Amino acid sequence: KVFQAVVSCIGSDGTIYIIPKSFETALNKLMTEIQNTFKGLGLLIPYCWKKGEACVVRGSDTVWYRAKIVEVSGSTLQVQYIDRGYIESIPQCHLYPTTFYTGIPPFCIPCQLYKTLPIGNFWQQEAVEYLQELLKNEEVEIHVKELPDNPWGKLSISLYFGGMSLSSFMAYQRYCVAEDCQDIQKLGVFEGDLSPSYLLQPLPVPGETFPVTVTHLVSPKEVYICLDSSENLTKHSATERSAGCDSESLSKALKWCNKIVKTLPHLTNFKKELPCLAEYVDGLWYRAKLLSVTQLVPVQILVQFVDYGTYLVAPTSRLRHIPCHLLKYPVQAVRVLLAGFRPASDDKNVERIPYSPEWSLKALWTMVDCVEGKRLSASILTVSPEVTISLYGDDKNLVHLKLIEMGLAELDQ
């Protein structure tokens with residue numbers, strides 16, 4: 001069985017506690033009921049607690065949780081939150097014995113990685129801390145491999161985060177040995193003879209109008225667009241709905257990559273068009289491709305972020321290998337030319353775009369104002385030799401009309 005779950009806790013012995021997404025509604029309902037039943041402080045009179053006894057615990061967040069006694073030690077008790085998995089030492093005044101809710105099974109499931117042997121036969125503290133940092137409160141995909149021999153035993157699972165196998169990833173980190181490591185290559189950490197490349201985004205048919213956002217402007221006429229399928233997906237073509245799903249899945253995969261990016265090796269191959277991960281100025285890592293070496297000492301590389309169209313000159317320390325599973329998502333940004341206008345022959349503005357001097361900087365900034373943050377739509381006119389589109393503003397008028405009104409461009413029939 002395969003299902004989505006949230007990792008609630010990593011036990012000190014490496015046990016992975018998960019809450020299936022399908023349990024969330026019932027768990028929230030139970031938590032609301034517990035809060036309405038128990039108010040104020042815990043039991044303030046002396047009480048003889050027993051190991052395994054059911055109770056409710058007032059956590060540090062002042063919320064009441066179901067728990068059981070794990071160990072009795074003087075005035076402090078060790079309890080396990082049965083719907084979360086974690087174990088904590090709690091003063092007796094924060095507990096209350098109860099037989100309420102004992103007929104409801106725990107909502108979290110203890111799990112172990114299938115056919116995965118930790119180094120030294122037990123999970124080292126460093127590995128447990130790494131698992132906690134990587135997985136806690138994150139949504140993951142669970143593949144059930146073996147049921148436990150008894151109902152309170154651990155479920156044997158394969159766990160996938162952002163398309164990667166946790167067993168394979170931890171084996172690559174040398175925390176364990178995984179018997180089933182066939183997808184270790186998906187980590188993209190080995191340089192082979194293959195030259196990987198990105199998939200291109202499928203485009204709507206010419207003549208069809210579709211929503212877009214402009215992610216980067218090279219000049220008023222040359223821009224990068226993303227298919228915007230965030231509005232009312234049912235109205236849109238299969239191409240746009242697919243792009244929307246890809247974009248959402250890609251965002252999740254990139255979020256995971258940002259968590260493990262320090263484990264990915266730096267680039268040593270600087271072949272043109274090579275896919276990689278690059279760190280942007282916001283400190284986050286995105287999909288990119290190499291364009292050219294701009295400086296040798298120290299080495300500086302010109303890269304393009306393929307999902308936005310933007311460029312960056314970066315040192316090699318900000319470039320890393322890209323996990324192979326990130327290559328299955330088509331590039332989100334598409335380079336297009338805008339039809340219907342050309343630079344004004346009598347534009348007297350002295351400041352020009354250095355790499356495209358036929359256009360003034362004023363024309364570029366005016367176009368930025370026309371498209372930035374706007375709900376735009378487009379219609380493809382031609383796909384060869386270059387993708388050419390008509391681009392419309394949120395008022396349904398062609399965006400370049402503003403430039404023509406200001407004398408910064410002229411109509412091109």
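Counting restarts for each chain, with residues numbered from 1 along the sequence as it is written. Whole-chain, interface and lining totals are the exception, using all residues; otherwise, since this is a predicted model, local features are given only for residues with pLDDT of at least 70 and side-chain atom pairs are given and counted only at 80 or more. Each side-chain value is worked out from all heavy atoms of the structure, with water and hydrogens disregarded.

Per an unreviewed UniProt entry, the protein goes by RING finger protein 17 and derives from Cardinalis cardinalis. UniProt lists a comment for the protein under the heading Function (unreviewed entry), and it reads "Seems to be involved in regulation of transcriptional activity of MYC. In vitro, inhibits DNA-binding activity of Mad-MAX heterodimers. Can recruit Mad transcriptional repressors (MXD1, MXD3, MXD4 and MXI1) to the cytoplasm. May be involved in spermiogenesis." UniProt positions are given in the numbering used here, feature names are shortened, and annotations may be inferred rather than shown by experiment. According to the UniProt record, the Subunit (unreviewed entry) comment for the protein is "Interacts with MXD1, MXD3, MXD4, MXI1 and PIWIL1. Self-associates."

Here the focus is a nonpolar patch on the surface. Patch membership requires more than 30% relative accessible area and the absence of a salt bridge. Residues of like charge join within 9 Å; the nonpolar side chains Val, Leu, Ile, Met, Phe, Trp and Tyr join within 5 Å. Accessible surface is estimated by sampling points in the Shrake-Rupley manner with a 1.4 Å probe; for residues, cover comes only from the protein chains shown. Salt bridges are counted wherever a side-chain nitrogen of Lys or Arg sits within 4 Å of a carboxyl oxygen of Asp or Glu. On the surface, F270, V293, L296, V297 and V299 cluster together into a nonpolar patch covering about 470 Å² of accessible area. Each helix corresponds to a stretch of at least 4 residues labelled H or I by DSSP, and each strand to a stretch of at least 2 residues labelled E; elements are numbered beginning at the N terminus. By the secondary structure assignment, V299 is in the loop between β17 (285-295) and β18 (300-305). Buried means the residue's accessible area, taken with a 1.4 Å probe over protein chains only, is under 20% of the maximum for its type, while exposed means over 50%, and partly exposed covers the values in between. Overall, V299 belongs to the partly exposed group, its relative accessible area being 31%.

Bringing the sheet that holds strand β3 (residues 54-58) into the picture now. Any two strands with at least two DSSP bridges between them are considered paired. Read from one edge of the open sheet, five strands run β6-β5-β4-β3-β7, paired in antiparallel fashion. Two strands close off the open sheet at either side, each with one partner strand: β6 (87-91) and β7 (95-97). With direction set aside, neighbouring strand axes in the sheet form an average angle of 45°. Across five bridges, the pairing between β3 and strand β4 (residues 64-73) is antiparallel. Every axis in this analysis is a line fitted to C-alpha atoms, fitted for helices over the stretch in contact. Angles between the N-to-C directions lie between 0 and 180 degrees.

Take the domain arrangement of the protein next. Where each domain begins and ends follows an automated or database-derived domain assignment. For the protein, the assigned domains read domain 1 (1-44 + 96-184), domain 2 (208-232 + 333-411) and domain 3 (265-322). Measuring from the centre of the C-alpha atoms in domain 1 to the corresponding centre in domain 2 gives 50 Å.

Moving on: the state of the cysteines. Defined by distance alone, a disulfide is two cysteine sulfur atoms within 2.5 Å. Tallied over the entire structure, the rule returns zero disulfides. No disulfide involves C93; its nearest neighbouring cysteine sulfur is the one of C55, lying 13 Å away. No disulfide involves C111; its sulfur sits 8.9 Å from the nearest other cysteine sulfur, which is in C108. Residue C111 is classed as buried on the basis of its relative accessible area, which comes to 0%.

Overall, the coordinates contain 14 salt bridges when judged by the stated rule. R352 is the partner of D347 in a salt bridge, and the nearest nitrogen-oxygen pair spans 3.9 Å. Take D347: its relative accessible area is 13%, and that puts it in the buried class. One network of salt bridges, in which partners are shared, links K21, E24 and E139.

Next up on the list: the side chain of R287. Note that R287 resides in strand β17. Side-chain polar atoms of R287 contact the backbone oxygen of L326, separated by 2.7 Å. Polar contacts, as used here, are pairs of N or O atoms within 3.5 Å; protein pairs need one atom able to donate a hydrogen and one able to accept it. Residues neighboring in sequence count only if both atoms are side-chain atoms. At a separation of 2.7 Å, a polar atom in the side chain of R287 contacts the main-chain carbonyl oxygen of Y329.

Pairing of aromatic side chains here covers Phe, Tyr and the six-membered ring of Trp, requires ring centres within 6.5 Å, and sorts the geometry by plane angle: under 30 degrees stacked, over 60 edge-to-face, intermediate tilted. Scanning the entire structure with this criterion turns up 17 aromatic pairs. Where Y280 meets Y286, the ring centres are 6.3 Å apart and the plane angle is 85°; that geometry is what we call edge-to-face. For Y280, a relative accessible area of 29% gives the class partly exposed. Here the aromatic residues F38, W64, Y96, F100 and Y101 are joined through ring pairs into a cluster of three or more. Consider the ring centre and the ring normal. A charge sits over the ring if Lys NZ or Arg CZ is within 6 Å of that centre and within 35 degrees of that normal. Across from the ring centre of W256, 5.6 Å away, lies the NZ or CZ of K255, which sits over that ring.

What follows is about the nonpolar core. A general tendency of soluble globular proteins is for nonpolar side chains to be buried together. Put simply, buried Ala, Val, Leu, Ile, Met, Phe, Trp, Tyr and Cys residues joined by side-chain atoms within 4.5 Å make one nonpolar core. Counting residues in each nonpolar core, the largest one holds 31 residues, and the members touching the most others are I16, L134, L135, L159, F161, L166 and M170. Here the element with the most residues in this core is helix α2 (residues 125-135); it accounts for six residues. Core analysis: the next-biggest nonpolar cluster, separate from the first, contains 29 residues, F210, M367, L391 and A409 among them.

The next subject is the side chain of S360. Within the element layout of this structure, S360 appears in strand β24 (residues 356-360). Given the relative accessible area of 0%, S360 is considered buried. Reaching out from S360, the side chain makes a polar contact with the side chain of D347 at a distance of 2.9 Å. Whether two residues are in contact is decided by their heavy atoms: any pair within 4.5 Å suffices. With residues near it in sequence (within four places) discarded, S360 still touches D347, N349, E351, R352, I353 and L408.

Glancing now at the UniProt feature "domain: Tudor" (unreviewed entry) in the protein. If you check UniProt for "domain: Tudor" (unreviewed entry), the listed places come out as residues 48-105 and 269-329 in our numbering. Counted over residues 48-105, helix gives 0% and strand 50%. Its end C-alpha atoms are 25 Å apart. Secondary structure within residues 269-329 divides into 0% helix and 48% strand; the distance between the first and last C-alpha atoms comes to 22 Å.

What follows deals with the sheet that holds strand β25 (residues 376-382). A barrel is described by the order of its strands in space; here five strands give the closed sequence β14-β15-β21-β26-β25, paired in mixed fashion. Across this sheet, the average inter-strand angle for adjacent strands is 60°, counted without regard to direction. Relative to the sheet, helix α5 (residues 361-371) contacts β14 (209-217), β21 (333-338), β25 and β26 (388-392), its axis offset from that of β14 by approximately 135°.

Consecutive side chains along a regular strand alternate between the two faces of the sheet. Counting buried residues along strand β1 (residues 2-10), seven of its nine residues qualify, which places the element largely inside the surrounding structure. The pairing of β1 with strand β10 (residues 139-146) spans five bridges and is antiparallel. Paired with A5 across the strands is V140, a residue of β10. Two elements, β1 and strand β2 (residues 16-20), share five bridges in a ladder whose sense is antiparallel. Across the sheet, the residue bridging to V7 is I18, located in β2. Counting the residues in the hairpin turn of β1 and β2 gives five residues, including G14, whose phi is positive at 90°.

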